[in-house]
Amino acid sequence: MKVCIAEKPSVAREIAGILGAKSRKDGYLEGNGYRVSWTFGHLCTLKEPHDYTPDWKMWQLQSLPMIPPRFGIKLLSNEAYEKQFRILEQLIRDAEAVINCGDAGQEGELIQRWVLQKAGCRCPVYRLWISSLTEESIREGFRNLKEAAEFNSLYEAGLSRAIGDWLLGMNATRLYTLRYGQNRQVLSIGRVQTPTLALIVNRQLEIERFRPEPYWELKTVYRQTTFSATQGKFSKKEEGEALLQQVAGKEFTVADIKTQKGREAPPRLFDLTSLQVEGNRKFALPAEETLKGIQSLYEKKLTTYPRVDTTFLSDDLYPKIPQILKGLAAYTPLTAPLLAGKVPKSKKVFNNSKVTDHHAIIPTGITARNLSGREQQIYDLVVRRFIAAFYPDCELSTTTVTGEVDGVGFKVVGKQILKPGWRVVFEREAKELTENTERNGSEAAEEATLLPAFVKGEHGPHQPDLAEKWTTPPKPYTEATLLRAMETAGKRVDDDELRDALKENGLGRPSTRAAIIETLFKRNYIRKEKKNLYATPTGVELIGVIRDELLKSAELTGQWEKKLRQIEKGTYQAGVFLEELKQLVGRIVTEVRSDTSVQSIALGETPVRLAGERGKTAAGNPGKKAGKTIRKTSARPSSPSPVCPHCGGALLRGRTAYGCAGYKNGCTFRLSYETYGKDLTDGELCKVIKRVSHG
């Protein structure tokens, strides 16, 4: 008998039906020479510290760093998991061959290899590697089974990731908890989690420390069209007023008119991160919800494998495109023009050099039925992006009109869509974008202005005006912008080509980023207000206490991620990567243990328990509350009481800052002593609050 092992029961049933294994047994299906069974995701995990030595059960500085001579795995403590493993163990023992039908990615490979290792598999092992769960794809995959050894590098990368996370997470969490955690509050540190939190905290501090500065813009209205002075912004009002006086009462002359035609290519196909970004931007879906939705669509055979980081298709898919388009019956008005002729083949869509194990997320062409609201939203995103990829470019005309008044230059830009091309697939979105930009008065709206017909040399009266404006702080992260920041290790990148180049240095993988964000929520390190993400006082304090920049640097952590990808490709040694991490952990432990300026931090939430240390805090005292960070201000007669401008709560004086008493309810208002001084009277503090809140 050949034994097939899928990652979950639903996938096992699909495979069994195609193979003819229809006889139901306890924990597997049998027939036609196959036994098809399953895991429940991870059945095994790395051993916990106390599994190696009893000395590591207690949290104590002298036990650090904890570096096992050899890492081992164990079954997860769960009755259902243990039962299923025993079934798998017997099936593997009796098998003539095992076919690994796990999820076709790094984590899926690790899940299955650990089970095979724990079960002591001795028979030949093969790998089913597919990009969708359609019958055609599964049958083709079984016709082309691969040797398990072809995926050794993939397994080594997954194992290195797991061991690396264990080394840093277990050691750094215990180290910082024991050294800086007041009341034994667990300070959870993670290889990807901590630099991601640092991105949010640093952005929040940028916003908090931002001091708005005035500037002035000179504009004039000629023939109901607003022109901006080409000299740009004025930092001094006097400079702007001098030009305003110079142009007032004099005629405006159209100096030049330039029209340039351009083209915009269709947007790239989706990888997982860009799909999560779009889901958050359009529907405010959390990244985790988008991942669950696209995973469900994959299991329903409606879309291809989702945990991908490429936006391209391989050349061998091109002949299948017409059939996929024909299957999208609900989108016939959009697919009919494509199917009327030969579907175009573009290098911006098909590029073998950009595809490794999996291609971009696309529909399979199977008719979609009975989708939930969330699934329908995500499915529509994928289908429209897929259809648009084969539409012609959008043709644009950009007109720039320059004018002058007594030697002072002015300019306006207008953009007109000549042929919508792929934009017809997103007509509703285009309308929303135009309305939003016009409402916001942004530069994009200015470019979208439809200009009247100007003639070079014409002239006439105009109405100039000097407007005072203020600089604005950076915007808080949303899940969409945080995902992009994680993808590019904190660098702001709008260009697709440059973003591709930085992907190898990103924080985490597409498949793990949503889980990292969810972890930050669960540990009360971040909170959400509408679509914006803010660090809680707990999160801010944690990043503040971490002295080693490497632990919270997005760029440096991104370099570790690049090495993991190189391990996957076979161009970097797993042993070298782990040795580097061991040395790093050792150095961090030495530096923190020798820190003589120890200052405990107190976090105002229930202790966060470290995964693997179930039911215990660092002191072995479950449920103990941490001390408060700030205390109430003393009353000062004849002065108004300072209150939070965000929520109206009382303002308290803490160890490092003035902060809102509503911090436990998520209010983030804070004024650092470093910026404003520690000994302000209540009256002085009220003045500062008024100045800051009116920006």
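Residues numbered from 1 in each chain as written. Predicted model: local features only at pLDDT ≥ 70, side-chain atom pairs only at ≥ 80, totals over all residues. Heavy atoms only, no water.

Participant: Can you break down the overall build of the protein residue by residue, with the values?
Facilitator: Per the secondary structure count, the protein includes 24 helices and 22 strands. Taken across its 695 residues, the protein has 51% of its residues classed as buried. Taking the contacts inside the protein whose residues are at least 6 apart along the sequence as the reference set, 76% of them involve residues at least 24 apart. (Helix = DSSP H or I, 4+ residues; strand = E, 2+ residues; numbered from the N terminus. Buried < 20%, exposed > 50% of the residue type's maximum accessible area, 1.4 Å probe, protein only. Contact = heavy atoms within 4.5 Å.)

Participant: Report on the packing of aromatic side chains, specifying residues and quantitative values.
Facilitator: Tallied over the full model, the rule gives 19 aromatic pairs. Ring pairing ties together the aromatic residues Tyr222, Phe227, Phe252, Phe410 and Phe454, which thus form one cluster. Across from the ring centre of phenylalanine 151, 5.8 Å away, lies the NZ or CZ of arginine 127, which sits over that ring. Cation over ring: arginine 203 sits above tyrosine 477, and NZ or CZ is 4.2 Å from the ring centre. (Phe/Tyr/Trp six-rings, centres within 6.5 Å; stacked < 30°, edge-to-face > 60°. Lys NZ or Arg CZ within 6 Å of the ring centre and 35° of its normal.)

Participant: Before we move on, can you summarise the nonpolar core with the specific residues and values?
Facilitator: Formed by 152 residues in total, the largest nonpolar core has its most connected members in Ile15, Val98, Tyr176 and Ile387. At twelve residues, the largest contribution of residues to this core is made by helix H6 (residues 152-180). Setting aside residues no more than four positions away along its own chain, isoleucine 15 makes contact with Ala6, Val36, Cys101, Leu128, Ile138 and Phe142. If you look at the next biggest cluster of nonpolar residues, it comprises 18 residues, including Phe227, Phe234, Phe252 and Val408. (Core = buried A, V, L, I, M, F, W, Y, C linked by side-chain atoms within 4.5 Å.)

Participant: A description of the pairing of strand E17 (residues 526-529) should follow, citing residues and the corresponding values.
Facilitator: Side-chain positions along a regular strand alternate between the two faces of the sheet. Bridging between E17 and strand E18 (residues 532-535) involves four bridges; their strand directions are antiparallel. By the bridge assignment, arginine 527 is partnered in E18 with tyrosine 534. Remark: two residues form the turn of the hairpin made by E17 and E18, two consecutive strands paired antiparallel; lysine 530 in that turn has positive phi of roughly 60°. (Pairing = 2+ DSSP bridges.)

Participant: Before we move on, can you summarise the pairing of strand E11 (residues 225-234) with the specific residues and values?
Facilitator: Across six bridges, strand E10 (residues 214-222) lies against E11 in antiparallel orientation. Counterpart to valine 221 in the pairing with E11 is threonine 226. As consecutive antiparallel partners, E10 and E11 are separated by two residues, and within that stretch arginine 223 has a phi angle of approximately 50°, a positive value. Across two bridges, E11 lies against strand E14 (residues 408-419) in antiparallel orientation. Paired with serine 228 across the strands is lysine 411, a residue of E14.

Participant: Describe the sheet that holds strand E1 (residues 2-6), with residues and values.
Facilitator: If you trace the seven strands from one edge of the open sheet to the other, you get E2-E3-E4-E1-E7-E8-E9, paired in mixed fashion. On the outer flanks of this sheet lie strand E2 (23-25) and strand E9 (146-147), each paired with one strand and no other. In this sheet, strand E8 (residues 125-127) lies alongside strand E7 (residues 97-101) in parallel orientation, the contact comprising three bridges. Looking at E8, one finds that isoleucine 99 is bridged to tyrosine 126. Across the face of the sheet, helix H1 (residues 9-19) comes into contact with E1, E2, strand E3 (28-31), strand E4 (34-38) and E7 while running at roughly 165° to E4. (Axes fitted to C-alpha atoms, helices over the stretch in contact; angles between N-to-C directions.)

Participant: Could you give an account of the sheet that holds E10, with specific residues and numbers?
Facilitator: Spatially, seven strands are ordered E15-E12-E13-E14-E11-E10-E16 in an open sheet, and the strand pairing comes out antiparallel. Edge positions in the sheet fall to strand E15 (459-460) and strand E16 (463-470), since each of these pairs with one other strand and no more. Relative to E15, strand E12 (residues 252-264) runs antiparallel, the two being bridged by two bridges. Among the inter-strand pairings, phenylalanine 252 is bridged to a residue of E15, identified as glycine 460.

Participant: A description of H1 should follow, citing residues and the corresponding values.
Facilitator: Of all the residues in H1, the buried ones are Val11, Ala12, Ile15, Ala16, Ile18 and Leu19. Burial along H1 is one-sided: seen end-on, the buried residues are contained in an arc of 160°. Where H1 is buried, its residues meet E1, E3, E4, E7 and helix H5 (135-143). A positive phi of about 85° marks glycine 20, the residue just after H1. (Arc of directions from axis to C-beta.)

Participant: Run through the packing of H6 against helix H22 (residues 574-593), naming residues and quoting values.
Facilitator: Helix-helix packing is described using two parameters, namely the angle between the two axes and the distance between the axes. Running from N to C, H6 and H22 point in directions that differ by 5°, and their axes come no closer than 10 Å. It follows that H6 is roughly parallel to H22 by the angle criterion. The segment H6 lies against H22, with Glu156, Ser160, Ile163, Gly164, Leu167, Leu168, Asn171, Leu175, Tyr176, Arg179 and Tyr180 engaging Ala574, Phe577, Leu578, Leu581, Lys582, Leu584, Val585, Ile588, Val589, Val592 and Arg593. In terms of residue class, the contact of H6 with H22 is built from 15 nonpolar, three polar and four charged. (Parallel < 35°, antiparallel > 145°, perpendicular 65-115°, else oblique. Nonpolar A, V, L, I, M, F, W, Y, C, P; charged D, E, K, R; others polar.)

Participant: Quick one: what's the story with the pattern of salt bridges, residue by residue and with numbers?
Facilitator: According to the stated counting rule, one finds 40 salt bridges in the structure shown. For lysine 528, the salt bridge is made with glutamate 479, and the minimal N-O distance between the two is 3.1 Å. Placement of the pair is lysine 528 in strand E17 and glutamate 479 in helix H16 (residues 479-487), with a sequence separation of 49 residues. Here lysine 528 falls in the partly exposed class, since its relative accessible area comes to 34%. Between arginine 509 and glutamate 568 there is a salt bridge; the shortest N-O distance is 3.1 Å. Here arginine 509, found in the loop between helix H17 (496-502) and helix H18 (510-522), pairs with glutamate 568, found in helix H21 (residues 554-569); they are 59 residues apart in sequence, far enough to count as distant. Given the relative accessible area of 14%, arginine 509 is considered buried. Salt bridges sharing partners connect three or more residues here, namely Arg161, Asp165, Arg191 and Glu561. (Salt bridge = Lys/Arg side-chain N within 4 Å of Asp/Glu carboxyl O.)

Participant: For the confidence of the model for the protein, give the residues involved together with the corresponding values.
Facilitator: Taken over all residues, the pLDDT of the protein has a mean of 86, while the share at 70 or more is 86%. Between the elements of the protein, mean pLDDT differs from a low of 29, seen in strand E19 (residues 630-631), to a high of 98, seen in E8. pLDDT under 50 marks residues 432-448. Its contacts with residues more than four places away, or in other chains, come to twelve contacts. Between residues 602-639, whose pLDDT stays under 50, and residues either more than four places distant or in other chains, the model counts 92 contacts. (pLDDT = per-residue confidence, 0-100.)

Participant: Explain the state of the cysteines to me, using residue names and the numbers behind them.
Facilitator: A complete count under the given rule lists zero disulfides for this structure. Free of any disulfide, cysteine 4 has its nearest cysteine sulfur in cysteine 101, 4.4 Å distant. By relative accessible area, cysteine 4 is classed as buried at 0%. (Disulfide = S-S within 2.5 Å.)

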